[in-house]
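Here is what each chain is made of, one letter per residue.
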Amino acid sequence: MENQVEIKTQRPRVTLRNLLPEWLWGFVRNPKAMLGTFILLSFVFIGLLAPDIAPLPERGGANRMVGRPHQAPDDEFWFGTTRQGQDVFKQVVHGTRTSLSVGFGAGTIIIILCIIVGITSGYMGGLVDELLSLLMNVFLVLPGLPLVIVISGWVDQPGPYTIGLVLAVTSWAYGARVLRSQTLVIRNSEFVAAARVAGEPSWRIVLFEILPNMISLVVSSWIGAVVFVILTEATLSFLGLGNPNAVSWGTSLYWAQNNQALLTRAWWTFVPPGLCIALVGFSLTLINYGIDEISNPRLRSGEGG
Amino acid sequence: MKTRSLILVLVLVTMLVASNVVNAQDGTKIPRGGVVVVSEGRQAPFVSNFNPYAPDPTPWAQAGVYEPLMIPNAPNGFELIPWLATGYSYSEDLLTLTFTLQEGVKWNDGEDFNADDVVFTFELFQKFPALDRKATLPYFSSVEKVDDYTVAIHLTEVYTLAHYLFSSVWPLPEHAWSTIEDPVTYTNDTPVATGPLATVKVVNEQVLELCRNETYWQMGEDGLPLPYVDCMRQPVYPGNDPANLATVNGEVDWVANFIPDIESTFIAANPEKHHYYFWPGGGVVSLYYNTEKAPYNDLAFRQALSMAIDYESVTSIGMYGYTNPSEPILLSDAFKGSWNQEAIDAAAEMGIHEYDPDAAEAALDAAGYVDANGDGWRDLPDGSDLSFKVQVVNGWTDWVTSVQIMSQNFQDVGLNASIDVLDFGIWLNNLQTGTYDTSIGWGTGDPTAWDVFRNLLFSDLIGDDGIANAQLWSRWTSEEADQLLVDYVATTDAAAQKAAMDRIQMIFVENLPLIPLFPGPTWYEWTDYRFTGFPTEEDYYIQGSSWTTNGQRLVVLMQLHCISEETCAEAQ
Amino acid sequence: MRFLVRRFLFYLVAAYVAITLNFFLPRLMVGDPVQVMFSKFQGRMDPRAVESLKETFGFVDAPVHEQYFTYLKHLVKGDLGISLTNFPVPVSEVISGSLEWTLRLVGIATIFAFSIGMILGTIAAWRRGKFVDTLILPIASILAAFPYFWIAMLALYYLAHIQGWFPIGHGYNLRLKEDWGDRAYVSSVIEHGMLPMLTVVITALGGWMLGMRNNMINVLAEDYITLAQAKGLSDRRVMLVYAARNAILPSLTGFAMSLGFVIGGALIVEIVFAYPGMGFTLLNSVNGRDYPLMQGIFLMITLSVLAANFFADVIYVLLDPRAR
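For every chain, the first residue of its written sequence is number 1, and the numbers climb from 1 along that sequence. Written order determines the labels here, with chains lettered from A and ligands numbered from 1. Only residues with pLDDT of at least 70 are given local features in this predicted model, and only at 80 or more are side-chain atom pairs given and counted; all residues enter the totals for whole chains, interfaces and linings.

So, about the overall build of chain B. A helix here means a DSSP run of H or I that spans at least four residues, while a strand means a run of E at least two residues long, and both kinds are numbered starting from the N terminus. The helix and strand inventory of chain B stands at 18 helices and 20 strands. Two things to know: the radius of gyration comes from C-alpha atoms, and the globule rule equals 2.2 Å times the number of residues to the power 0.38. Taken over C-alpha atoms, the radius of gyration comes to 25 Å for chain B, in line with the 25 Å a tight globule of 572 residues would show. Taking the principal axes of the C-alpha coordinates as reference, chain B spans close to 80 × 60 × 45 Å. Considering only contacts in chain B between residues 6 or more positions apart, those separated by 24 or more positions represent 70%. In this description, a residue-residue contact is defined by the distance between C-beta atoms placed from the backbone, which must lie within 7 Å.

It is worth spelling out the overall build of chain A at this point. A count of helical and extended segments in chain A gives 13 helices and 0 strands. Looking at the 305 residues of chain A, the share that counts as buried comes to 54%. Within chain A, residue pairs in contact and separated by at least 24 positions form 68% of the contacts whose partners lie at least 6 positions apart. Exposure criterion: with C-beta atoms placed from backbone coordinates, a residue whose C-beta has 20 or more other C-beta atoms within 10 Å is buried, one with 12 or fewer is exposed, and one in between is partly exposed.

Okay, helix H12 (residues 278-287) of chain C next. Residue and element names in this part refer to chain C. Of all 10 residues in H12, 9 are buried; the element is thus mostly enclosed. Within the span of H12, buried status applies to Met278, Gly279, Phe280, Thr281, Leu282, Leu283, Asn284, Ser285 and Val286. Looking one or two places after H12, you find Arg289, whose phi comes out positive at around 50°.

A separate point is the sheet that holds strand E12 (residues 274-276) of chain B. Two strands form a pair only when DSSP identifies at least two bridges running between them. Strand order in the open sheet made by the 7 strands is E8-E9-E10-E1-E11-E18-E12 (chain B), with mixed pairing throughout. Both edges of this open sheet fall to strand E8 (199-203) and E12 of chain B, since each of them pairs with a single strand only.

Turning our attention to the sheet that holds strand E6 (residues 140-147) of chain B. Residue and element names in this part refer to chain B. If you trace the 4 strands from one edge of the open sheet to the other, you get E4-E5-E7-E6, paired in antiparallel fashion. Across the chains shown, the open sheet's two edge strands, defined by having one partner strand only, are strand E4 (85-90) and E6. Across the sheet, the mean angle from the axis of one strand to that of its neighbour is 20°, orientation sign disregarded. In terms of strand pairing, E4 meets strand E5 (residues 96-101) through 5 bridges, oriented antiparallel. Paired with Tyr88 across the two strands is Phe99, which belongs to E5. Each axis is a line fitted through C-alpha atoms, and for a helix only the stretch in contact is used; angles between axes span 0 to 180 degrees, taken between their N-to-C directions. Along the sheet face, helix H3 (residues 115-127) touches E5, E6 and strand E7 (150-155) and points at about 170° away from the line of E6.

What follows covers the pairing of strand E13 (residues 284-289) of chain B. Moving residue by residue along a regular strand, the side chains alternate between the two faces of the sheet. Residue and element names in this part refer to chain B. Within E13, 6 of the 6 residues are buried, leaving the element largely enclosed by the surrounding structure. Of the two faces of E13, the one carrying Val284, Ser286 and Tyr288 and the one carrying Val285, Leu287 and Tyr289 are both buried. The pairing of E13 with strand E17 (residues 514-519) spans 5 bridges and is classified as antiparallel. Within E17, the position partnered with Tyr288 by the bridge is Leu514. As paired elements, E13 and strand E16 (residues 438-441) share 4 bridges and run antiparallel to each other.

A cis amide bond links Leu226 of chain B to the next residue, Pro227 of chain B, at an omega of -5°. The residue after Ala294 of chain B, namely Pro295 of chain B, is reached through a cis peptide bond having omega 0°. Its location among the elements puts Pro295 of chain B in the loop between E13 and helix H8 (299-308). With phi around 50°, Gln260 of chain A is a residue other than glycine that occupies positive phi space. Following the sequence through the fold, Gln260 of chain A ends up in the loop between helix H12 (249-258) and helix H13 (267-295). Its identity is not glycine, yet His353 of chain B carries a phi of approximately 65°, on the positive side.

Further remarks concern H13 of chain A. Here H13 of chain A spans 41 Å end to end across 29 residues, near enough to the 42 Å set by a 1.5 Å rise per residue. Within H13 of chain A, 24 of the 29 residues are buried, leaving the element largely enclosed by the surrounding structure. In this analysis, the expected span of each helix is defined as 1.5 Å times one less than the number of residues it contains.

Residue and element names in this part refer to chain B. pLDDT expresses, on a scale from 0 to 100, how confident the predictor is about each individual residue. This prediction gives chain B a mean pLDDT of 89; 95% of its residues lie at or above 70. Confidence drops under pLDDT 50 across residues 1-25; counting only partners more than four residues distant or on other chains, this segment forms 24 contacts. Prediction confidence for the complex, expressed as pTM and ipTM, is 0.84 and 0.80 respectively.

Residues and elements named next belong to chain A. As a packed pair, helix H11 (residues 202-238) and H12 sit with axes 7 Å apart at the nearest point and diverge in direction by 35°. Regarding H11 and H12, the two cross each other, and that crossing is right-handed. Residues Glu233, Ala234, Thr235, Leu236, Ser237 and Phe238 of H11 lie in contact with H12, whose contacting residues are Trp249, Gly250, Thr251, Leu253, Tyr254 and Gln257. Amino acids are sorted into nonpolar (Ala, Val, Leu, Ile, Met, Phe, Trp, Tyr, Cys and Pro), charged (Asp, Glu, Lys and Arg) and polar (every other residue, Gly among them). Residue composition of the contact of H11 with H12, grouped by class: 6 nonpolar, 5 polar and 1 charged. If you view the pair so one helix is near and one far, a crossing is left-handed when the near helix is turned anticlockwise from the far one by less than a right angle, and right-handed when it is turned clockwise.

What follows deals with the pairing of E7 of chain B. Residue and element names in this part refer to chain B. Burial of the side chains of E7 is restricted to one face: Val151, Ile153 and Leu155 are buried, whereas none of Thr150, Ala152 and His154 on the reverse face is. Where E5 lies against E7, 5 bridges are found, and the strand directions are antiparallel. If you follow Thr98 over to E7, its bridge partner there is Ala152. Examined bridge by bridge, E6 and E7 share 6 bridges and lie antiparallel to one another. Its bridge partner being in E7, Val143 is matched across the sheet by Ile153. From the end of E6 to the start of E7, which pair antiparallel, there are 2 residues.

On to the packing of helix H5 (residues 88-124) of chain A against H11 of chain A, then. All names here are of chain A. Following both chains from N to C, one finds H5 and H11 inclined at 145°, their axes separated by 8 Å at the closest point. With respect to the hand of their crossing, H5 and H11 are arranged in right-handed fashion. Every residue of H11 that contacts H5 at Ser99, Val102, Gly103, Phe104, Ala106, Gly107, Ile110, Ile111, Cys114, Ile115, Ile119 and Tyr123 is listed here: Val206, Ile210, Val218, Ser221, Trp222, Ala225, Val226, Val229, Ile230 and Glu233. Considered class by class, the residues forming the contact of H5 with H11 number 17 nonpolar, 4 polar and 1 charged.

Another aspect to go through is the environment of Phe280 of chain C. Residue position: Phe280 of chain C is located in helix H12. Sequence-distant contacts of Phe280 of chain C, that is, excluding residues within four places in its chain, are made with Pro45 and Pro238 of chain B together with Leu267, Glu270 and Ile271 of chain C.

Here we come to the confidence of the model for chain A. Residue and element names in this part refer to chain A. Per-residue confidence for chain A gives a mean pLDDT of 80; residues scoring 70 or more make up 84%. Across chain A, the secondary-structure element scoring lowest on mean pLDDT is helix H1 (residues 2-10), at 43, and the one scoring highest is H5, at 91. Note on residues 1-10: pLDDT is under 50 here. Beyond four places in sequence and across chains, it has 7 contacts.

Attention shifts here to the environment of Ala346 of chain B. For Ala346 of chain B, the location among the structural elements is in helix H10 (residues 341-350). Between the C-alpha atom of Ala346 of chain B and that of Glu510 of chain B, which follows or precedes it by 164 residues, the distance is 8.2 Å.

Turning to the environment of Pro90 of chain C, a few remarks are in order. Residues and elements named next belong to chain C. Here Pro90 is to be found in the loop between helix H4 (64-76) and helix H5 (91-126). For Pro90 and Leu293, which are 203 residues apart along the polypeptide, the C-alpha to C-alpha distance reads 8.7 Å. Those residues within four positions of Pro90 in sequence are excluded, and the remaining contacts are Leu80, Ile82 and Ser83.

Here you go:
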């Protein structure tokens, strides 16, 4: 208990400056964060080195039919072949690239929008809050799914990147609302009141008082957004709303399902892409755990209580 | 003379069909009852609309609740089976088509079905053109009741295949429909109909259940009204997975699902009770190109494309081996009788329609399609870039795979081909307006060889607005073909018709307006846990797929019955 | 009270904006939707028939603002128009049957996932380093990282098809009549809803649980908790009355919104399990470019999200005096 009281008294003066080195130090020492980072980095490397790991044929890319249909994994095709005779290993490796870049790209756009809208709305209050909340609510009720279809009418075929972009533009409202709620709470706290009395300008208060105190929420929202995009892109592709000719984990699952991978027991077309999505998602969740624990040591499991 | 022999043939056909029951049963009493469970793969939720002329009525409204005048028997060369009409004849000048109607047919409210109803139905089309789903309006001027069971249709021009068109309509009850103010928006929730499944039991977002018409006019072996089964139940499956899982589990009796690797899944689950037969008699799926554009206006280029396609892979991988490469003359097995062997031989001589990448490359070289700028892809003869897209419908995965194979084939001979996966509506719109390079597309499958070529070559099908109707999507027409098509339906002389048909096929092979790929397989599986009487591969007395709205499923329905009293009790 | 009235007015405005967007969204589509819609009939039907059908469908060339006012007028009257793919059946009739299934299944599943998540999260925070915290939480987190449809398909294949523990597809045993007074019917509804519900709960649990655990831990460090413990209040009382009540606040915002997403999220459940509902109808309307139906479903989603948000505001105000 003593320990916690001590931290509590430190809290108001936690700033970005003295947080960062601790973060790095804590991060390296945190086993969950390190495991998550290790898994994630492995996938990042696979994505970056895809052309070296799984060289593509000159024409046709990863979707080129190179083997017999539904060959089980062997020396030649490590993950077997699809019903179309495509190399599952090549598809998964090159799909890593697509899925990760879509996930992190769109996830980052989402969190930037969340921060701008959520904190402004929560901190400013009044008319600004009303208007921004209106915007949030409107975006909350816009179902991203039909929007993808509408946009697919503009562009030729909605590839994974288009889907990612649509998701980014339509999916920030949720996080923004969460950040807004948290901002509301922090805004009413003593240290913000103190800063206000001391005459600090609003942007300083937001940047140095509110944001650092929300950093774990922001980071976890960001990671949550990345996971959301990866999962939703896979889901939309799986539903057949994407371009079935793209190379992404979701598209692989779409084809596996269309060829009834489970019924024909061609598990090798169904399991690898699904596992990859889950592993990336899990690694991000682990990192999220780690970050939470570092910014807030009380969260560490096995301590306190 | 002619009329009589025709009717004789029809009677023989009916007897042939009826004989199945006797053979199967050896005189033992046929058990009655049971609910046949039907699946047609992925499906939209059902909404109650038993107006057979609505744009998208509830399934089975068209052949189940209502019935056509005659039913074309696809595996038997589309011979017409008498149904509500017992036969037809043409007048001397070929300008009047007369149907004689079946006597003793009753609507399910007890009223008699007669010539008034048929006349009423055609006149309703004239009053409400939106109801004319069969596009009969351009072909008739008036309909006349000759007597209570004879109807004469006065044609606007000589059209000797008109009996196929006019026999396909579903007559409506005059006494029930004449008072309906707007029959176009009428949803007919409690139908007055003659069909064997005229009683609507349940229709909701999950299931459709139609039950027997107690007063149906056709009698079974036991002298009681058909059908032998009590009801037909069709559950909604939003995806192929649950539909196929239920099918593999043996929960469904009569199936028209696309099941991948059917031998190792559906059949392996119970080789004794599970059966399928994918009759390759559907319309021929083809590669279309816009022949109004370069380079598709160049015959040499079209021929080269036809040599570059690996037809075997398209059918074995794209179509799961469920069909075979088509003949070069576009006619499926259903029209074997109309094949022109000379045209087939001519195609073989030209080397078209045979997978030979080297020959394709040579043909492209010879026609000037060489890589002029060194980017690795062939260019147009004038040196400008050549790249093209192959259109396909999103979600139609067998076609998407076929297109993937073909685009790979084209790339292998140095053509920069890519795939354009489109939403159905946009895909079709592009084909009709001619805003595409190449595309996979269906062909006409019935009811006659004439229809197949008419829908692909007849120049009148391009409207004033530039829309290509039917499947004239490649927009290749010729005066000679037009004339042959007109001549064909202006006579009943079989020899003249054969000559015209032979010549059309030769024109087709010589000009390659599109590349025939494979006849569309018709999905049809069945299980015999509970019911028997289904068409089998050995005795394919009618097309077995349950989605045949032209009425063939009614013929199947007349044969279906429980294997025993026990299975009747089981099938509830 | 004033706060809630203000919020309510605000949601009315939000609803209006959403309704307007709903009108323009389909009209942003490239190409003439009418043309695309009717291209399906072309070749199958006589042009004259297509023309007169178009008129019946109400595709007359009116200026956009006139169409817009007609749309609003009809909405006020509760008239959602006529479905194109189910012509001439009204949209409201197409939707009516499916709405209850969606709300029931995913609504109940979401409430379950939320409640169980809250309880397990609370336990994990309270009994740190013990069973729930070190075993159930990581497992739930891994499950949450899988795509939902992936887990659902495996469950359907293995538990329903191979093991035969659950029925395949549909909301009830189709042999029975829909009748809530009939015991057999009710139990078949429960039986059919079990597996879909289980998969939803399993995959959604991790998020709620982790959120609650972390919030709890933060709250447990607050002075008033220390004070309460110092005063000798029982552990359970401190945990439930003091800590959990405050820790649940951030999750509550999320819960309200996830209720609003029930219809959108239902899509996959319905497709994988052949379960009836709005999600499947939405996918069909989108594939069939059935704008009136699409708009009708959009509207239902819009209203349910707004209602859920208002609901959340009410509860928030009740639980957290600071937000008043």
